[in-house]
Amino acid sequence: MSKAATVSVTPEYWAQACAHLARKDRVMKKLIPQFGDAILESRGDAFVTLARSIVGQQISVKAAQTVWDRFAVLSRKLTPAGVLKLKVDDMRAAGLSARKVEYLVDLALHFDSGALHVKGWADMDDEAIIAELVAIRGIGRWTAEMFLMFHLMRPNVLPLDDIGLINGISRNYFSGEPVSRSDVREVAQAWAPYCTVATWYIWRSLDPLPVAY
């Protein structure tokens, strides 16, 4: 069975980020101690991380896991080359829609052909990586931002389209009143250069169970 295990990776900046956020933001000062040693987690494989994000689109977490488990056993090794060898009928039988099959094949092609500068990502800025990723069918800006946060562990990602971030800011900073993107940006000014860490704690305030992509 080819399933990538969740591996705990503590970004080297985490403790420094928490100290910065607690100093700069009254809500963070209150939130951070509530979650003890919980940290950002990565699955450690770029292709698997993005493939999982495609499989999970527009379905529940539970349904996504079921489909992923069926998909993962189709190939002895879950690699771009392995996915390109799969039969469409087998992928559909695992529970994937025709569109998701197309997206997964396009993702595998991008990795397999060298269209993505995977080895160069460490030296590229966030926006350059997002531009590469959104060229893949089925990957939009939000998915690219989740990849920056959960796989590349970039410290200062602010996913403005993330409903959890918007709801969490509404609850923690505006007493539940609706918030706009400009409200989110305003709150996040105090978070920089650690918007990723602050966003992670905002998510925890809504759901204490950490998510891994």
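These figures come from a predicted structure and were not determined experimentally.

Trainee: I keep staring at the overall build of the chain and nothing clicks. Help me out?
Mentor: Along the chain, the regular secondary structure elements total 12 helices and 2 strands. Going residue by residue from the N terminus, the α and β elements of the chain occur as β-α-α-β-α-α-α-α-α-α-α-α-α-α. Since a compact globule built from 213 residues should have a radius of gyration of about 17 Å, the 18 Å found for the chain is in line with a globular shape. Counting all 213 residues of the chain, 48% fall into the buried class. Partitioning the contacts of the chain with sequence separation of at least 6, the portion at a separation of at least 24 is 68%.

Trainee: Please clarify how helix H9 (residues 141-150) should be interpreted in this entry.
Mentor: Quick reminder: α-helices carry 3.6 residues per turn. Residues three or four places apart thus point the same way. Taking burial as the measure, the 10 residues of H9 include 8 buried ones, the bulk of the element. Those residues of H9 that sit buried are Thr143, Ala144, Glu145, Met146, Phe147, Leu148, Met149 and Phe150. Where the residues of H9 are buried, they touch strand S2 (41-42), helix H3 (46-55), helix H8 (126-133) and helix H12 (195-206).

Trainee: Is there a simple way to think about helix H7 (residues 98-113) in this case?
Mentor: With 16 residues, H7 extends 22 Å from end C-alpha to end C-alpha; this agrees with the ideal 22 Å at 1.5 Å per step. Among all positions in H7, only Lys100, Val101, Tyr103, Leu104, Asp106, Leu107, Ala108, His110 and Phe111 are buried. Looking at the packing, one finds that the buried side of H7 touches H3, helix H4 (61-72), helix H5 (80-84) and helix H6 (88-93). Once H7 ends, the next one or two residues include Gly114, with phi positive near 85 degrees.

Trainee: Help me understand the pattern of salt bridges in this model?
Mentor: Here the idea is simple: oppositely charged side chains can pair when their charged atoms come close. In this structure the tally under the stated criterion is 5 salt bridges. For Asp126, the salt bridge goes to Arg154, with nearest N and O atoms at 2.7 Å. Of this pair, Asp126 sits in helix H8 while Arg154 sits in the loop between H9 and helix H10 (163-173); the two residues are 28 residues apart in sequence, bridging distant segments of the chain. Residue classification places Arg154 among the buried positions, given a relative accessible area of 13%. Between Glu145 and Arg141 there is a salt bridge, with its nearest N and O atoms 2.9 Å apart. Placement of the pair is Glu145 and Arg141 together in helix H9, with a separation of 4 residues, close to one helical turn. For Glu145, a relative accessible area of 4% puts it in the buried group. Connected through salt bridges with shared partners, the residues Glu127, Arg141 and Glu145 form a single ionic network.

The rules behind each value
Residues numbered from 1 in each chain as written. Predicted model: local features only at pLDDT ≥ 70, side-chain atom pairs only at ≥ 80, totals over all residues. Heavy atoms only, no water. Helix = DSSP H or I, 4+ residues; strand = E, 2+ residues; numbered from the N terminus. Rg over C-alpha atoms; globule rule 2.2 N^0.38 Å. Buried < 20%, exposed > 50% of the residue type's maximum accessible area, 1.4 Å probe, protein only. Contact = heavy atoms within 4.5 Å. Expected span 1.5 Å × (residues − 1). Salt bridge = Lys/Arg side-chain N within 4 Å of Asp/Glu carboxyl O.

Note that every value here comes from positions in space, so none of it alone points to a role or purpose.
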